[in-house]
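# Working through the structure, step by step
In case you want the letters, here they are:
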Amino acid sequence: MKYLEATLGRIFILRLEQGEKIPAIIQDFAEKHQINSALVHFLGGADKGSKVVVGPEDGQALKPRKMMTELQGTSETLGVGTLFRNEQGKPVLHMHAAFGREGKTVAGCVREGVDIWQIGEVVMIELNTSEGCRKIDPTTGFELLEI
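Residues numbered from 1 in each chain as written. Predicted model: local features only at pLDDT ≥ 70, side-chain atom pairs only at ≥ 80, totals over all residues. Heavy atoms only, no water.

### Description of the overall build of the protein
Within the protein, the regular secondary structure consists of 1 helix and 11 strands. Each helix (α) and strand (β) of the protein, taken in turn from the N terminus, gives the series β-β-α-β-β-β-β-β-β-β-β-β. In summary, the protein has a C-alpha radius of gyration of 15 Å against a globular reference of 15 Å for 147 residues, a match within 12%. On the principal axes, the C-alpha backbone points of the protein span a range of 45 × 40 × 25 Å. Relative to its full complement of 147 residues, the protein shows a buried share of 36%. Looking at the protein alone, contacts between residues at least 24 apart form 69% of all its contacts between residues at least 6 apart. Total accessible area computed for the protein in this model is approximately 8,900 Å², and 53% of it derives from carbon and sulfur atoms. A distance of 3 Å separates the average location of the 17 positive side-chain charges in the protein from that of its 20 negative side-chain charges. (Helix = DSSP H or I, 4+ residues; strand = E, 2+ residues; numbered from the N terminus. Rg over C-alpha atoms; globule rule 2.2 N^0.38 Å. Buried < 20%, exposed > 50% of the residue type's maximum accessible area, 1.4 Å probe, protein only. Contact = heavy atoms within 4.5 Å. Areas by Shrake-Rupley, 256 points an atom, 1.4 Å probe, with all protein chains shown as cover. Lys, Arg positive; Asp, Glu negative; His and termini not counted. Charge placed at Lys NZ, Arg CZ, Asp CG, Glu CD.)

Right, here's the structure in full:
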């Protein structure tokens, strides 16, 4: 285990609207407000057609290939993630969310693009630390948090 220590910085509350897309809207906000790292909570609706990464095809593969699903209908959504800058200095959100509709749930990573349906509420808690960066892992190809 590796770890770093951070203190709390600014807290932002965002109201996302119909058609805006996660993660782009959150990453753009972080760039504009010079947020280097944050804890991000999401609550709201996801529109049909949103794409979710639901796992690797083969968990034993050295370079796993992602499995994706498309939401078949508007879904209630709850997500949590972290935001850190990558090697190019761009903020990158890593968020997993659960999407519920008619008693069925899909859970996965939002990195392929989740469209907001009507409203999305985000609470972003800035983490003050000069450490932590997302770097491409040569083994998996993932952009992983390095501490």
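Let us keep going from here.
### Observations regarding the nonpolar core
Ile22, Ile26, Ile35, Val40, Leu83, Phe99 and Met124 are the most contacted members of the largest nonpolar core, which totals 24 residues. If you list the elements that add at least two residues to this core, you get strand 1 (7–17), helix 1 (24–32), strand 3 (37–46), strand 7 (91–101) and strand 9 (114–128). If near-sequence neighbours (up to four positions away) are discounted, leucine 83 is found in contact with Ile26, Ala30, Ile35, Asn36, Ser37, Ala38, Val40, Pro91, Val92, Leu93 and Arg134. (Core = buried A, V, L, I, M, F, W, Y, C linked by side-chain atoms within 4.5 Å.)

### Some words on the pattern of salt bridges
Any two side chains of opposite charge can pair, so long as their charged atoms come close to each other. In this structure the tally under the stated criterion is 7 salt bridges. A salt bridge links glutamate 17 to arginine 15, with the shortest nitrogen-to-oxygen separation between them at 3.8 Å. Residue arginine 15 is classed as exposed on the basis of its relative accessible area, which comes to 56%. Here glutamate 70 and lysine 51 are joined by a salt bridge, their closest N and O atoms 3.5 Å apart. (Salt bridge = Lys/Arg side-chain N within 4 Å of Asp/Glu carboxyl O.)

### Overview of unusual backbone geometry
Cis geometry is found at the peptide bond from isoleucine 22 to proline 23, where omega equals 10°. Considering the arrangement of structural elements, one finds proline 23 in the loop between strand 2 (21–22) and helix 1. Backbone geometry places glutamine 34, a non-glycine residue, at a positive phi of 55°. Residue placement: glutamine 34 occurs in the loop between helix 1 and strand 3. For glutamate 102, which is not glycine, the phi dihedral falls at a positive 50°. Along the chain, glutamate 102 falls in the loop between strand 7 and strand 8 (104–109). A residue is classified by how much of its surface remains accessible, and glutamate 102, at 70% relative accessible area, is exposed.

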